[in-house]
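Listed below are the residues making up each chain.
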Amino acid sequence: MNKTVLVTGGLGFIGSHTVLDLLANDYEVIIIDNLVNSHIEVLDHIATISGKKPLFFEADVRNEEVLNKIFKEYHIDAIIHFAGLKAVGESVKKPTLYYDVNINTTLALLKMMKKYNCHNIIFSSSATVYGESRELPFTENMNVGVGIKNPYGETKYINELLLKDFATSEDDMHVILLRYFNPIGAHKSGLLGEDPKDIPNNLMPYVLKVAVGELDHLTVFGDDYDTPDGTCIRDYIHVLDLAHGHVLALSKILGMKDKCEIYNLGTGKGSSVLEIVHAFNNVNHIKLPYVIGPRREGDAAMSFASIEKARKELGFEPIYTIEDACLDAFNFIKKHVGKE
Ligand code: NAD
Ligand code: UFG
């Protein structure tokens, strides 16, 4: 019988791409999402692309009444927990909201796992937990949690501790922590992607708003870093590759003996801000207006993953380039703003 996966935040950017990959691999998918940062149309787009409509509950993951209903009615083999708030700047202004949503969603799920005999949970963590560590590439066995600069990042670290402690204390409970690096790109159909409602903080959504004329130029935050072109280096991973990492992690966790495993999901390669701008210009035949501005507080010069562990233990192998991601993201945004 097909395994059933509860995907929290399954209509969001990474969740929606993962749901598609799960459906393509014959998993039964149940989504719970309160639409705080996504749109119900995404469900139709998933159905259009996959030919399957997953079961959907519009609810907050902290709502235990709804969770009880789902877990009573369906046998959940595993949970993939994407739901949460992720805007770094907002987390500084509203820390209690971020701690409440990002921690209490997990606690509610863990309670259900115990109550209904669900043994597996995969959690969306972040490269942010590496904090001020400067030893590159980042490997999973490094110390984490020191020098995290904002409440959003702290909630990721606290979730990691919580999930590890949960797995240790319970018999036969399994946890996989996935540390994402910088997801970019969109689905090839142009139907799914990332389009934040407010002025974006992250590089690619900002580039896209400039490319479609909603913002007039990009500011590159500093060109005086100790990197080849002076701009910061990050590990940008196509969201389709990232999504596939979850399918591989799911297959691992369903037969896992260990209590808790951690995997970096990136490409293992770094690209500078200017390399992204140039790749975007080249593949989309445009000339993105940009200025060089001051450094952004808290930015590390370089961040990139070692993906050897994911490669070896999950069979993870990213296939898309930053050029693919720039092309797919622009294709999505052009369709999305109705300018094509
Ligand atoms: P997203 O905002 O697009 O998706 C999150 C989804 O969760 C949204 O659909 C939102 O409506 C839903 N949601 C939020 N709070 C909820 C709640 N209380 N109950 C039910 N649904 C809720 O974000 P994303 O980029 O897809 O990120 C998914 C996960 O990955 C998040 O946990 C995020 O912190 C983590 N992550 C993202 C990045 C990134 O750069 N995108 C990097 C590292 C980690
Ligand atoms: N950048 C600019 N101009 C912009 C936006 C970003 O030059 O307008 C630069 C940044 O200085 C940085 C790079 O582009 O060098 C990437 O910045 P992002 O904000 O897109 O990504 P970060 O690596 O800074 O951080 C993001 C999330 C973190 C998360 C981390 C790893 O914001 O929460 O990815 O997952 F932890």
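Above this text is the structure in question.
Residues numbered from 1 in each chain as written. Chains lettered and ligands numbered in written order. Predicted model: local features only at pLDDT ≥ 70, side-chain atom pairs only at ≥ 80, totals over all residues. Heavy atoms only, no water.

S.K.: Quick question: what am I supposed to make of unusual backbone geometry here?
M.R.: Glycine aside, a negative phi is what most residues show, and trans is what most peptide bonds show. With omega at -5°, the peptide bond leading from leucine 136 into proline 137 counts as cis. Looking at the secondary structure, you find proline 137 in the loop between strand E5 (120–126) and helix H6 (151–169). At leucine 35, a residue that is not glycine, the phi angle is positive and equals roughly 65°. Despite not being glycine, asparagine 117 shows a phi value in the positive range, around 60°. Structurally, asparagine 117 can be placed in the loop between helix H5 (95–116) and E5. Asparagine 117 sits in the partly exposed class, given a relative accessible area of 48%. (Helix = DSSP H or I, 4+ residues; strand = E, 2+ residues; numbered from the N terminus. Buried < 20%, exposed > 50% of the residue type's maximum accessible area, 1.4 Å probe, protein only.)

S.K.: Help me understand the site of ligand 2, please; the structure alone is not making it clear to me.
M.R.: Close contacts around ligand 2 come from 22 residues, with Ser126, Leu203, Thr219, Arg234 and Asp299 the closest. Phenylalanine 181 places a main-chain nitrogen or oxygen 3.0 Å from an oxygen atom of ligand 2. In isolation ligand 2 has 690 Å² of accessible area, and contact with the protein removes 88% of it. For the shell around ligand 2, the secondary-structure elements that each account for two or more residues are helix H7 (203–211) and strand E8 (218–221). The element contributing the most residues to the shell around ligand 2 is E8, with 4 residues. Considering only residue class, the shell around ligand 2 consists of 13 nonpolar, 6 polar and 3 charged. (Near = heavy atom within 4 Å. Polar contact = N/O pair within 3.5 Å; in protein donor to acceptor, adjacent residues only side chain to side chain. Areas by Shrake-Rupley, 256 points an atom, 1.4 Å probe, with all protein chains shown as cover. Nonpolar A, V, L, I, M, F, W, Y, C, P; charged D, E, K, R; others polar.)

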